[in-house]
Amino acid sequence: MPRPRHRLVSTCIGTVTAGLLATGAALAAPEEDRPTGSDIAMGAYLDYGPPGVARIPYLSRWLGGREIRVGHTYLPGDQWAGIEGNVSFLESWAAWRRAADDRMFVLNVPMQARNEDRVPDYQVAQLIRAGAEGQYDAHFRKLARRLVALGVPDTVVVLGWEMNGTTYTHRCGPDPERWKAYWKRVVTAMRSVPGQEFKFDFAPNRGTDAIGWTRCYPGDDVVDIVGMDSYDQAPGRTFDEQVSQPYGLQQHVDFAKAHGKEISYPEWGLFRNGDNPEYVRRMLKWIEQHKPLYHTITDYCPHGVWQCKQNPQSAKAFRDALTPQRPAPVTPTPVVPTPVVPTPVIPTPVVPTPAVPTPQIPTPEIPTPPIPTPQVPTPQVPTPEVPLPEAPSPAVPSPAVPSPAVPSPAAPSPEATAPEAPAPEVPSPAAPSPAAPSPAVPSPEASPPVPPVSAPPSPVPPKPQPLPEKPPANGRQWCVPVNFGEWLSKLVGRQSVCVQVDWGKDSGFWPF
């Protein structure tokens with residue numbers, strides 16, 4: 001790819017002034033309000049020296065504050081002194097890199113002196129053979145020590161870029177096998193320097209160009225990143241053709257994946273097709289889809305979009321795609337305080353509860369009337385006197401008349417035992433007497449029981465009732481006492497059943 005020649009004279013002029021300008025610009029960079037963007041580190045080639053460092057914050061501002069994390073420059077390839085890093089502008093880039101831990105310094109390193117002098121293939125083949133034999137190892141060890149001394153031991157080294165083309169003296173085509181051996185010697189020499197942490201980026205041109213770039217691949221042990229430079233030019237008229245062509249964008253992604261390597265796009269931008277916003281949009285979308293370790297657009301004419309003013313449509317597409325989408329400022333809704341209307345406190349009137357006196361109703365004293373204990377008179381039962389005939393009566397054996405059992409009435413405690421009345425002895429006549437009618441001896445009737453009163457009577461032992469007199473011996477009337485039970489006997493008294501018997505001589509029952 002053609003590019004402006006690097007002149008050592010122009011490099012030396014104004015080095016101190018440019019360095020101060022770069023330092024001052026870096027300090028004046030708008031660092032506040034950095035948005036959170038994609039994880040893919042991005043940058044742009046703005047200039048090889050201090051002006052390139054100084055322009056980084058302004059590109060960030062143009063992109064709405066997007067952080068530029070990749071600083072990209074080239075070592076001059078006209079003499080071995082430049083390839084060894086013996087140039088002052090490296091100090092400015094090293095200072096920029098050390099200012100933030102998440103920054104990345106990408107350095108393109110030529111593999112041959114007179115790198116842009118259009119050296120013919122047969123001479124290139126001789127130079128490749130010399131490198132493969134180790135004749136240039138010392139130059140690369142000096143470069144490694146220089147970068148470590150500047151405090152950038154983790155520099156991404158894009159070694160012998162676009163080796164599959166025809167532009168540079170460090171091209172691969174004249175002798176691919178010795179070229180790969182030469183690459184291995186360079187990497188081994190630089191890794192031999194203590195303190196180095198370099199990453200080596202193998203970055204061919206997109207497409208076949210002079211040779212298929214896979215034929216130049218030196219091996220997984222000496223390659224850390226598989227990059228690709230892809231400008232808007234042939235081969236491929238459209239972006240889809242750039243993706244699908246042999247050794248195109250898709251084959252690049254697939255090759256890196258097969259070898260377990262990260263990808264990168266150290267150079268990309270407009271070229272043969274002029275101001276082409278469709279290419280810019282599609283390339284940025286491709287980058288976002290495949291997540292390279294980093295990408296940097298070449299921002300000078302005809303490739304650029306910021307410093308090159310001849311590509312306004314592409315510049316707008318680039319800016320729209322990479323400007324962080326900030327949320328619209330939130331207009332605070334004015335908080336109108338709601339007036340607090342105090343609720344009037346209406347005191348609740350305390351209505352006193354009237355004390356209603358409880359009327360004292362006197363309990364009437366009801367006198368208990370004295371209940372007289374009724375005096376129950378004991379009836380006097382007259383004992384009938386039965387006249388006895390004077391005539392002697394025959395000696396008739398008197399039958400044994402049982403004495404009726406007189407039950408004692410139930411009385412409350414104390415319990416008094418009724419005295420047992422003795423039965424009167426009837427003397428038997430000494431001689432028989434003529435039959436004379438015996439008058440019927442009536443049984444005395446006991447008076448009916450007196451109902452008890454409510455007041456408990458004083459315990460009065462009941463008087464024994466007189467037993468009925470036994471009928472006279474040999475009389476004509478036989479009386480048998482009848483027992484009706486204790487309860488009925490109390491009501492009707494003790495009764496006897498009397499039978500009149502004719503004991504005359506003419507009756508047939510006379511025993512004598």
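Residues numbered from 1 in each chain as written. Predicted model: local features only at pLDDT ≥ 70, side-chain atom pairs only at ≥ 80, totals over all residues. Heavy atoms only, no water.

Participant: Mind showing me how you'd approach the pattern of salt bridges here?
Facilitator: Note that side chains of opposite charge can pair when their charged atoms are close. What the rule picks out here adds up to 13 salt bridges. When the shortest N-O distance is used, the salt bridge between Glu177 and Lys180 registers 3.3 Å. Pair noted here: Glu177 and Lys180 are both in helix α8 (residues 176-191), with a separation of 3 residues, about one helical turn. Residue class for Lys180 comes out buried when judged on its relative accessible area of 17%. Between Asp224 and Arg191 there is a salt bridge, with the nearest N and O atoms lying 3.5 Å from each other. One end of the pair, Asp224, is in the loop between β5 (199-202) and β6 (225-227); the other, Arg191, is in helix α8, with 33 residues separating them in the sequence. Asp224 gets classed as partly exposed once you look at its relative accessible area, which sits at 26%. (Salt bridge = Lys/Arg side-chain N within 4 Å of Asp/Glu carboxyl O. Helix = DSSP H or I, 4+ residues; strand = E, 2+ residues; numbered from the N terminus. Buried < 20%, exposed > 50% of the residue type's maximum accessible area, 1.4 Å probe, protein only.)

Participant: What exactly am I supposed to notice about the state of the cysteines here?
Facilitator: By definition, a disulfide links the sulfur atoms of two cysteine residues through a covalent bond. Counted according to the given criterion, the structure contains 2 disulfides. Across the disulfide, Cys172 is cross-linked to Cys216 (sulfur-sulfur distance 2.3 Å). Here the S-S torsion is close to -100°, and the disulfide linking Cys172 with Cys216 is therefore left-handed. Here Cys172 is found in the loop between β4 (156-159) and α8, whereas its partner Cys216 is found in the loop between β5 and β6, with 44 residues between them in sequence. On the basis of relative accessible area, Cys172 is assigned to the buried category, the value being 0%. Classification of Cys216 as buried rests on a relative accessible area of 0%. Two residues, Cys301 and Cys308, share a disulfide whose sulfurs are 1.9 Å apart. On the S-S bond that ties Cys301 to Cys308, the torsion sits near 105°, and the link is right-handed. A residue is classified by how much of its surface remains accessible, and Cys301, at 39% relative accessible area, is partly exposed. Here Cys308 falls in the buried class, since its relative accessible area comes to 1%. (Disulfide = S-S within 2.5 Å.)

Participant: Would you take a moment to explain the pairing of strand β8 (residues 262-269) for this structure?
Facilitator: For a regular strand, side chains alternate in direction, first toward one face of the sheet and then toward the other. Within β8, 7 of the 8 residues are buried, which leaves the element mostly enclosed by the surrounding structure. By the bridge criterion, 2 bridges tie strand β7 (residues 230-231) to β8 in an arrangement that is parallel. Paired with Ser230 across the two strands is Trp268, which belongs to β8. Pairing of β8 with strand β9 (residues 294-298) involves 2 bridges; the strand directions are parallel. Across the sheet, the residue bridging to Tyr265 is His295, located in β9. Remark: the β8/helix α11 (residues 277-290)/β9 crossover connection has right-handed handedness. (Pairing = 2+ DSSP bridges. Right-handed = clockwise from strand over helix to strand, strands pointing away.)

Participant: Even after reading the chapter, I still don't get the packing of α11 against helix α12 (residues 312-322), so can you show me in this structure?
Facilitator: Geometry of a packed helix pair, given as the angle between the helix axes and the separation of the axes. As a packed pair, α11 and α12 sit with axes 8 Å apart at the nearest point and diverge in direction by 25°. One finds that α11 runs roughly parallel with respect to α12. The hand of the α11/α12 crossing is right-handed. Facing Pro277, Val280, Arg281 and Leu284 of α11, the residues of α12 in contact are Gln313, Ser314, Ala317, Phe318, Ala321 and Leu322. Of the residues contributing to the contact of α11 with α12, the split by class is 7 nonpolar, 2 polar and 1 charged. (Axes fitted to C-alpha atoms, helices over the stretch in contact; angles between N-to-C directions. Parallel < 35°, antiparallel > 145°, perpendicular 65-115°, else oblique. Left-handed = near helix turned anticlockwise from the far one by under 90°. Contact = heavy atoms within 4.5 Å. Nonpolar A, V, L, I, M, F, W, Y, C, P; charged D, E, K, R; others polar.)

Participant: What am I meant to see in the nonpolar core here?
Facilitator: Most often, soluble globular proteins keep nonpolar side chains buried together rather than apart. Membership of the largest hydrophobic core comes to 98 residues, with the highest contact counts inside it found for Phe140, Trp183, Tyr265 and Phe318. The contacts of Phe140, once residues within four sequence positions are left out, are Trp80, Ile83, Val109, Pro110, Met111, Leu159, Tyr182, Val186 and Met190. (Core = buried A, V, L, I, M, F, W, Y, C linked by side-chain atoms within 4.5 Å.)

Participant: Looking at this model, I keep getting lost on the pairing of β4. Mind explaining?
Facilitator: Of the two faces of β4, both are covered, the one formed by Val156 and Val158 as well as the one formed by Val157 and Leu159. Alignment of strand β3 (residues 104-109) against β4, held across 4 bridges, turns out to be parallel. Across the sheet, the residue bridging to Asn108 is Val158, located in β4. One ladder, built from 3 bridges, connects β4 with β5; its direction is parallel. Note on β5: the bridge partner recorded for Val156 is Lys199. With α8 bridging β4 and its parallel neighbour β5, the resulting β-α-β unit is right-handed.

Participant: I keep staring at the confidence of the model for the protein chain and nothing clicks. Help me out?
Facilitator: Do not read the predicted coordinates in detail wherever pLDDT is low. Residues at a pLDDT of 70 or more form 59% of the protein chain, whose mean pLDDT is 77. The low-confidence segment residues 4-37, where pLDDT is below 50, has 42 contacts with residues more than four positions distant or belonging to other chains. With pLDDT under 50 throughout, residues 391-460 is counted as low confidence; its partners more than four residues away or in other chains account for 73 contacts. (pLDDT = per-residue confidence, 0-100.)

Participant: Help me understand the environment of Gly85 in this model?
Facilitator: Position of Gly85 among the secondary structure elements: in the loop between α4 (80-83) and α5 (89-98). Placed 62 residues apart in sequence, Gly85 and Leu147 show a C-alpha to C-alpha distance of 7.8 Å.

Participant: Looking at this model, I keep getting lost on helix α7 (residues 137-149). Mind explaining?
Facilitator: Since the α-helix turns once every 3.6 residues, residues separated by three or four places project in the same direction. Between its first and last C-alpha atoms α7 spans 19 Å; for 13 residues at 1.5 Å apiece the expected length is 18 Å, and the two agree. Inspection of α7 places Asp137, His139, Phe140, Leu143, Ala144 and Leu147 among the buried residues, and these make up the whole buried set. Projected down its long axis, α7 shows its buried positions confined to an angular sector of 160°, all on one face. For α7, the elements touching its buried residues are α4, α5, β3, β4 and α8. Backbone geometry just after α7 places Gly151 at a positive phi near 85°. (Expected span 1.5 Å × (residues − 1). Arc of directions from axis to C-beta.)

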